[in-house]
Structures are given as C-alpha cells and as structure tokens.
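# Examining the three-dimensional arrangement
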2 protein chains.
Amino acid sequence: VIAPADDAALRGAARMLHGRLVRTPALSLPQLAEAAGRPVVCKAENLQHTGSFKARGALHHLLQLTPDERAKGVIGGSSGNHAQALAWAGRALGIAVTVVIPHDSPAVKREGCAALDARILTYNRATEDRDAIVAGVAARDGLAVVPSADSRHVIAGAATAAMELLDDHPELRLLVVPVGGGGLAAGTALAAHQRADSVAVIGVEPQAGRDTELSLQAGHRVRLPAVPTTIADGLGHTIPAELPWAINRHLLSAVVTVTDDQISAAMRFAAQHLKLVLEPSGAVALAAVLAGRIPAGSEPAGVILSGGGVDLPHFLRLTNTIPAREDPVRA
Amino acid sequence: VIAPADDAALRGAARMLHGRLVRTPALSLPQLAEAAGRPVVCKAENLQHTGSFKARGALHHLLQLTPDERAKGVIGGSSGNHAQALAWAGRALGIAVTVVIPHDSPAVKREGCAALDARILTYNRATEDRDAIVAGVAARDGLAVVPSADSRHVIAGAATAAMELLDDHPELRLLVVPVGGGGLAAGTALAAHQRADSVAVIGVEPQAGRDTELSLQAGHRVRLPAVPTTIADGLGHTIPAELPWAINRHLLSAVVTVTDDQISAAMRFAAQHLKLVLEPSGAVALAAVLAGRIPAGSEPAGVILSGGGVDLPHFLRLTNTIPAREDPVRA
C-alpha cells in the first residue's frame, strides 16, 4: 500500500480535477448554528456531477489510466453512486464503463448509469459477493477495476471536497463526514491533516452498519455478520475497505453512529432549510450534528453532505411527518 | 427614473457584494439537456442566503444608505423572500428592519424573518394595499422604504446572479428568468445587455399572473383586475413595477407563461434530478424550458432558479404524483 498522505498527491488531484467538477457551495444558516450549538457550514456534494462526491474519485482514478487500460475499458462495483460517477467520468474521457450494482438500488441511480451509456450488471446484495463478480468479469473481459474506495487515486479525488471546503472556510476546526467504505472519510482526513491548523475529523455511520466504529474499538478490521439493514443504502458495508482503513485508523478523531430516524430528520431539515434533497447516506453527517452526536464545542464545524441519489417517492415518504389522518400529501 | 443600465452600476454592485453572498452553483445534467433539446445550466439561487436571489438586491440597497438612514431603520413589503433578505441584510449591517408580509405567506418565510430579528407586520393580500401600509408606517416611524423591485440598487444587486452565471458560462446565448415585480428580469436583462456577445432574455410568468406579458402586448403597464390565484405565491403581482418595466419593455425578448401543473412538474424534476427544493415561483423558468414554452433552438440556455421558500408539507403535496391507492407516502 502506497500511502497517499503526502501533500503532493492531494495537490495533484486538485490540479487535475480543477474546472471539471461542480464547485459545490458551502452553505450555512442561522437555524443550523442554533440547532448545532456552533457555527456549521455544509458542503453540498449532492450537487456534484451525478449527484454525489463520487464523481471526484472516479474521474481522478480514470485520469491515471494508461492508454492501453483506457482502450480496454473499466469496471466498478457500487451501491449506485460510484457506478454513476464512473459512467460519467468514462463518458467524459471516452472510456467504456461496466458497473455492477444491486438489483434493488434506487431507480434514480440505475437510470443515471443507463443515461450515461454504462453497461449495467445487477446482483443481489444479500446473497451475492459483489467483489467476486467484479473480479470475474474484469478477468474475462480484460477490464481495469476501479474500486469505490480502495484506491489511492479515488481517495485523493474524494479529498478535494474537503480541500475546497477548507479553502473557502479556513476557520473550520472540525469536519464531519459519512463513512461507508471509508474513502471519503480517508480523503477528508488527509485533507485536514495537510493543513497548518489543527482540524479534527469525525466519521459518521448508520447504527446498523458500524463496521468502522467496531474496527476502531478492536484495533483491526471487523466484519459485520450480515449486510446492515438501514435506510442509508450507500453505507451498507460489512467491513472497512483496506486502504481507507489504514488511513482512518490513524487520522479519524472518532466515529459516531446515527439512527434511521435521525437520518430522516436530517433529510427533512435539509429540504426545509437548506433547500437540498439528500439521500439517507448523504445526510448522516448532518444527522450526527443535529442529533447531538458530535462532542460539544464552540469551534466551527464543516459537514459533508455527500449525495442526493434517492427516488422521489422514497424521499417524500422519509421526509413526511404529518400523521396520516391529516396527511397533506393526500389533500 | 435614473436608468441603471450602464456597466459601471452593475460592476459596482458586483464589487460591493463580492464575498458577502453564496456563489451559487451553475448546474447542468444530461436529462435536462435532453428534455430541453439544448444545453441548459441552472443558477441555483434557492441556495442563496435566506433561500432566494433577493439577498443580492436587499444587501446592495442597504449598502447605499446614508448613516442617518441606517440609524433610523428600513421597511419593506414583500410576499416573503424580499422580507427575509431585508432582515438578513439588516442584521448583517446592524440596521433595524420592519417587514410587511401577507398573513398567509409560507411559514418558512415568516419564521425566516422572525429568526433574523425583523419586526413583522402582516396584511391581507386580497383586500389590503401593501404599498399604502408600507408608506404609512415608513412616514410615521421615519423609516427608509426598500422596494422589492422598484429600486435601481435592488435591480443592480439582482443583476449579479446573471453576471456570475455568464462569467461561469460565457457560451450562453439565452437566459430564462421568472418575472414577478420584474426586478430580477430587469437585472438579468441589463447583465445580458452589457455582454459583448448577444444574449437574449425571456421572462416567465404564471399563467394566472401575466401582467407583464399583457403590458408588453399593450405597450404600457396593465393592471390585472384581481390578485392572481397561482401556486407561485411570489409572483402574484397585479402590475409590473415601474422601474423594472422601463427596462424590461426594451430589453426582454419575450415573456411566456406556464401553468401551475407545469410548475409542479418542474419542482418534481428539480427535486429528483437537480437535488434542489424549489418554491413554485422559483421553478417557473425551469417549467418553461421543460414544457417547451421557450422557442426552439440549439444555443445553450441559462435558467435562474430564483428561490426555495416553500413549506415542506406543501412541497411534498406539489411534488407527489403517486395515485392515492399506491401512495408510497402512506406505505
């Protein structure tokens, strides 16, 4: 494992990606500061190309390929966001993309891949081993595998979200970030680590999928006995990815968990006050802040809103709190 | 009437506002280009401070006040967004703000004003004359009136949204913009007019509130017989404001209208694909593009998404299309 920890790798990623991505806004508002008890700015990566931060890592990884690898094409397994990002980056660079995604991933994620001309293979996430499927197809078809998190190029690409946030808001002393495979958390931790000022990074997992929290407690990677059941479909990992883990175990200040109800409440808050549609996985860091799961303090905090890939009916269900008898959706 | 048409006024506004506002993103996506039949980028002003472009004009106007005017305080009448913007700008500059808003404006707009410490006066928009109320209180309390559209400073401030969009996307040859009082349209038209390349501007009104369209047809300002009934509560004007009209009659290429159903469809599209919560008034320009109300052409178009001030239950109702018997919100 070659650690991407040096400044040069992150600066290189920022340089390569400059002008190819949405410079997502850093949003703040009085109600959020009041609820959080500290100043908070939110990096709206749900507005990134294909609706999540994943576009950063996927594009950065593809930009590193040799001409021969580009010509043969790539493959990636994903709950949906990395797949869309890969399809988008592949189309931008003229690289054929195959994605392996769960058959029950949100339609908006599947259709996003199809609209970007990716070849789509589906699998059952409860019973099949995605990595094995990806490896098998890659070997058969001669494709380069682009991991969703376990790649130093993907991690360095993901780091550019936090780099932008810290450039825009150098006063931040704490970053709060969702943890799935751990690539975004690792990139964020590296971005924080390279700053002259001390910036802590706290990861957030859904309570049902706290493989990284358990791994940190154990001091080694722990595998959950079953695929987690949570509305945060993008964070249903059973074990931390290897390279992110090697970084996160040293650089994360803590990992905290949130319940599905806390995630839904954060989605409602984001819709009402931030004017943003977040998918459950994209709302966990905000949920941790709103639910008081982050240690108290007055230092300004940055929150990464990592994605918005949610089907509208599901979004409406999760954000609706009106009791059925006075349900305005039925009015 | 002093025309703010010269470059210097707009450049001055951009300079004064620089760093005080959210640099809202310009978003594009394949589904939108496909639906529109041309490249489209959307300027997400619903992410601006207080949830609409109004923060630009209100702050720019307040920055022009004399120390004496600042000390006495200001007053503004508004359907809600200008009121919140004024409250925000006043708090930022230490100026006392009074707002006059309809008693039935969205709660999120009223609460936004209250959270920003404004004094709130309400009125009945169907039966009372807002301008008379504002003028009366202003005279009694010695307050400076900040119009929501009828001010060259407000217009020049509003223009900075289109200036940013054209800076980010100099390829645009058409801008599509909501028309209420006409301040945003006028500012957008001035911003387009100052470019070396030809950029057309099309205004969009709700069908029930097409006072500007009728005025353009008549060649003079036309007053609607009654307050329009439309879900676009921010565009319920009965007559174009005077100064915006003087600009728009010369600089707008056309005004088109959209139905409430087309507005709801645009809100759904924005939520599902752009990951944005728009209020009905903020979605009319997008609605015009999606509904085929804009003359066909291949030139890239810019769309201003002007605001997101909508109560969540109302948003859920407007964006929900699932028939009741299979309503996922009840699942």
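Residues numbered from 1 in each chain as written. Chains lettered and ligands numbered in written order. Predicted model: local features only at pLDDT ≥ 70, side-chain atom pairs only at ≥ 80, totals over all residues. Heavy atoms only, no water.

### Some remarks on the relation of the copies chain B and chain A
Rotating chain B by 180° and moving it 0.0 Å along the rotation axis overlays it on chain A with an RMSD of 0.0 Å. Taken together, the turn and the small shift mark the pair as related by a two-fold rotation axis. Among all residues of chain B, the minimum C-alpha distance to the rotation axis is found for Leu 276 of chain B, at 2.4 Å. Residue by residue, 100% of the interface of chain B is reproduced at the interface of chain A, so both copies engage with the same surface. (Least-squares fit on C-alpha atoms with pLDDT ≥ 70 in both. Contact = heavy atoms within 4.5 Å.)

### Structural notes on unusual backbone geometry
Positive phi is not limited to glycine here, since Thr 50 of chain A has a value of about 65°. Relative to the assigned elements, Thr 50 of chain A resides in the loop between strand 2 (40–44) and helix 3 (54–62). (Helix = DSSP H or I, 4+ residues; strand = E, 2+ residues; numbered from the N terminus.)

### Description of the pattern of salt bridges
All names here are of chain A. On inspection of all chains with the given rule, the structure shows 34 salt bridges over all chains. Among the ionic pairs, Glu 279 bridges to Lys 109, the shortest N-O distance being 2.8 Å. Within this pair, whereas Glu 279 is found in the loop between helix 12 (260–274) and helix 13 (284–290), its partner Lys 109 is found in helix 6 (residues 107–115), the two being separated by 170 residues in sequence. Among the charged side chains, a network of salt bridges with common partners joins Lys 43, Glu 45, Arg 56 and Glu 164. (Salt bridge = Lys/Arg side-chain N within 4 Å of Asp/Glu carboxyl O.)

### What to know about the interface of chain B and chain A
The accessible area lost on association of the parts is a frequent measure of interface size. Across the boundary between the two partners, chain B contributes 36 residues, which contact 36 residues of chain A. Interface area for chain B against chain A, summed over the two sides, is near 3,200 Å², with a carbon-plus-sulfur share of 67%. On the surface where chain B and chain A come into contact, there are eight residue pairs in polar contact (both at pLDDT 80 or more). Taken together, the elements giving at least two residues each to the side of chain B that touches chain A come down to helix 12 (260–274) and helix 14 (312–319) of chain B. In terms of residue count, helix 14 of chain B provides more of the side of chain B that touches chain A than any other element does, six residues in total. When the residues that make up the side of chain B that touches chain A are grouped by side-chain class, the tally is 21 nonpolar, seven polar and eight charged. (Buried area = accessible area lost by both parts, 1.4 Å probe. Polar contact = N/O pair within 3.5 Å; in protein donor to acceptor, adjacent residues only side chain to side chain. Nonpolar A, V, L, I, M, F, W, Y, C, P; charged D, E, K, R; others polar.)

### Some words on the pairing of strand 2 of chain A
Residue and element names in this part refer to chain A. Strand 2 sits mainly inside the fold: five of its five residues count as buried. Of the two faces of strand 2, the one holding Val 40, Cys 42 and Ala 44 and the one holding Val 41 and Lys 43 are both buried throughout. Taken together, the two bridges between strand 1 (residues 26–27) and strand 2 define a ladder with antiparallel strand orientation. Residue Ala 26 lies in a different strand from strand 2, and its bridge partner there is Lys 43. Here five bridges tie strand 2 to strand 10 (residues 301–305), and the two strands are oriented parallel to one another. The residue bridging Lys 43 from the neighbouring strand is Ile 304, located in strand 10. (Buried < 20%, exposed > 50% of the residue type's maximum accessible area, 1.4 Å probe, protein only. Pairing = 2+ DSSP bridges.)

### Quick notes on the packing of helix 9 (residues 183–193) of chain B against helix 11 (residues 242–251) of chain B
Think of two packed helices as two axes; the pair is described by the angle between the axes and how far apart they sit. Residues and elements named next belong to chain B. Contact geometry for helix 9 and helix 11: axes closest at 9 Å, N-to-C directions at 50°. The angle between helix 9 and helix 11 places the two elements in the oblique class. The handedness of the crossing between helix 9 and helix 11 comes out as left-handed. Residue-level contacts link Gly 183, Ala 185, Ala 186, Ala 189, Leu 190 and His 193 of helix 9 to Pro 244, Ile 247, Asn 248 and Leu 251 of helix 11. Taken together, the residues of the contact of helix 9 with helix 11 sort by class into seven nonpolar, three polar and no charged. (Axes fitted to C-alpha atoms, helices over the stretch in contact; angles between N-to-C directions. Parallel < 35°, antiparallel > 145°, perpendicular 65-115°, else oblique. Left-handed = near helix turned anticlockwise from the far one by under 90°.)

### Points about the nonpolar core
Grouped together as the largest cluster of nonpolar side chains are 86 residues, with contacts concentrated most on Leu 276 and Leu 286 of chain A together with Leu 276 and Leu 286 of chain B. Apart from residues no more than four positions distant in its own chain, Leu 286 of chain A is found in contact with Leu 32, Cys 42, Ala 266, Phe 269, Ala 270, Leu 274, Leu 278, Val 303 and Leu 305 of chain A. (Core = buried A, V, L, I, M, F, W, Y, C linked by side-chain atoms within 4.5 Å.)

### Some points on the sheet that holds strand 10 (residues 301–305) of chain B
All names here are of chain B. One open sheet holds the six strands; their spatial order is 1-2-10-7-8-9, and the pairing between them is mixed. Each edge of the open sheet is held by one strand with a lone partner, namely strand 1 (26–27) and strand 9 (254–258). Running over the sheet, helix 8 (residues 152–168) touches strand 1, strand 2 (40–44), strand 7 (174–178) and strand 10 and is turned about 140° from strand 2.

### Side note on helix 9 (residues 183–193) of chain A
Residue and element names in this part refer to chain A. Most of helix 9 sits out of view: 10 of its 11 residues are buried. Taken as a whole, helix 9 has its buried residues at Gly 183, Leu 184, Ala 185, Ala 186, Gly 187, Thr 188, Ala 189, Leu 190, Ala 191 and Ala 192. Where helix 9 is buried, its residues touch helix 1 (7–17), helix 8 (152–168), strand 7 (174–178), strand 8 (200–206), helix 11 (242–251) and strand 10.

### Some thoughts on the confidence of the model for chain A
Residue and element names in this part refer to chain A. For chain A, the mean per-residue pLDDT works out to 92, and 95% of the residues sit at or above 70. Confidence over residues 323–331 falls short of pLDDT 50; this stretch has 18 contacts with residues more than four positions distant or in other chains. Confidence metrics for the complex model read pTM 0.92 and ipTM 0.90. (pLDDT = per-residue confidence, 0-100.)

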